[in-house]
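# Chains, contacts and geometry: an overview
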Amino acid sequence: GGGGEAGARTLRVRDIERWMSEEYVASLFTNMAVVSNVTIVRDRTTGGGGYALLELDSSSAASSIMEVVKDQPIVMKNGRRLHVSWASESAGAPGGDRPRRGEASGREKGGGRGEGMGYWGGDPVG
């Protein structure tokens, strides 16, 4: 078991705080990969924290980040921990995501463009 999911480019970043913006979350990962899009899903009850969906420009970029974090939380300067996982690993928070029925065919949104953001220098994983 374990390992990346073929073709998956989206990671889930849990324990996002209320003050964190999409731009801030993206900035945490821009030194590792080209971030195409960030969507923050807030707790509907409190409007507070939640999680972010981090879409990378390629599945190899997502795999590279997962190699680096290796199931360890990212520790912020204030001691707060952010947990990174494949977006499809958990079904989501109560009252959160769409229900998953069988295998969806992925590509619901068009491909994002990541030009002009600089690439992470390193060997491709895999």
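As a starting point, this report considers the structure included with it. A quick note: this is a predicted structure, and the numbers were derived from the prediction, not measured.

## Some points on the sheet that holds strand β3 (residues 50-56)
- Across the sheet, five strands lie side by side as β2-β3-β1-β5-β4; this open sheet has antiparallel pairing. Because the sheet does not close on itself, it has two edges, and the strands there are β2 (35-42) and β4 (74-75).
- Two elements, β2 and β3, share seven bridges in a ladder whose sense is antiparallel. Among the inter-strand pairings, T39 is bridged to a residue of β3, identified as L53.
- Helix-sheet contacts for helix α1 (residues 22-29) involve β1 (10-16), β2, β3, β4 and β5 (81-86), and the interaxial angle to β2 is about 130°.
- Each of β1, β3, β4 and β5 is contacted by helix α2 (residues 59-69), which is oriented at about 135° to β5, the strand it contacts most.

## Observations concerning the side chain of R9
- Checked against the element boundaries, R9 lands in the segment before β1.
- We classify R9 as buried; its relative accessible area is 17%.
- Within the structure, the side chain of R9 is placed 2.7 Å from the side chain of E55, a separation counted as a polar contact.

## Digging into α1
- For α1, every residue scored as buried is listed here: V25, A26 and F29. Buried residues of α1, seen end-on, are gathered within an arc of 100° and therefore sit on one face of the element.
- The secondary structure elements touched by the buried residues of α1 are β1, β2, β3, α2, β4 and β5.

## Observations regarding the pairing of β5
- By the bridge criterion, four bridges tie β1 to β5 in an arrangement that is antiparallel. If you follow R12 over to β5, its bridge partner there is S85.
- Where β4 lies against β5, two bridges are found, and the strand directions are antiparallel. Bridge pairing in β5 links V75 to R81.
- Where β4 hands over to β5, the hairpin turn is made up of five residues, of which G79 adopts a positive phi near 90°.

## Concerning the environment of S59
- Mapping S59 onto the fold places it in helix α2.
- Along the primary structure S59 and A8 are separated by 51 residues, whereas in three dimensions their C-alpha atoms are 5.2 Å apart.
- Discounting residues that sit within four places of it in the chain, S59 has contacts with G7, A8 and R9.

## Quick look at the nonpolar core
- Ranked by size, the top nonpolar core spans 25 residues in total, and within it L11, V25, F29, L54 and L56 carry the most contacts.
- Those elements that provide at least two residues to this core are β1, α1, β2, β3, α2 and β5.
- For this core, the element with the highest residue contribution is α2, accounting for five residues.
- Here L54 is in contact with R9, T10, L11, V13, V25, F29, V35, N37 and V38, once residues within four sequence places are set aside.

## As for the environment of Y24
- Assignment of secondary structure puts Y24 in helix α1.
- Note: C-alpha distance between Y24 and V38 (14 residues apart in sequence) is 9.6 Å.
- Setting aside its immediate chain neighbours within four residues, Y24 contacts W19 and M76.

What counts, and where the lines are drawn
- Residues numbered from 1 in each chain as written.
- Predicted model: local features only at pLDDT ≥ 70, side-chain atom pairs only at ≥ 80, totals over all residues.
- Heavy atoms only, no water.
- Pairing = 2+ DSSP bridges.
- Helix = DSSP H or I, 4+ residues; strand = E, 2+ residues; numbered from the N terminus.
- Contact = heavy atoms within 4.5 Å.
- Axes fitted to C-alpha atoms, helices over the stretch in contact; angles between N-to-C directions.
- Buried < 20%, exposed > 50% of the residue type's maximum accessible area, 1.4 Å probe, protein only.
- Polar contact = N/O pair within 3.5 Å; in protein donor to acceptor, adjacent residues only side chain to side chain.
- Arc of directions from axis to C-beta.
- Core = buried A, V, L, I, M, F, W, Y, C linked by side-chain atoms within 4.5 Å.

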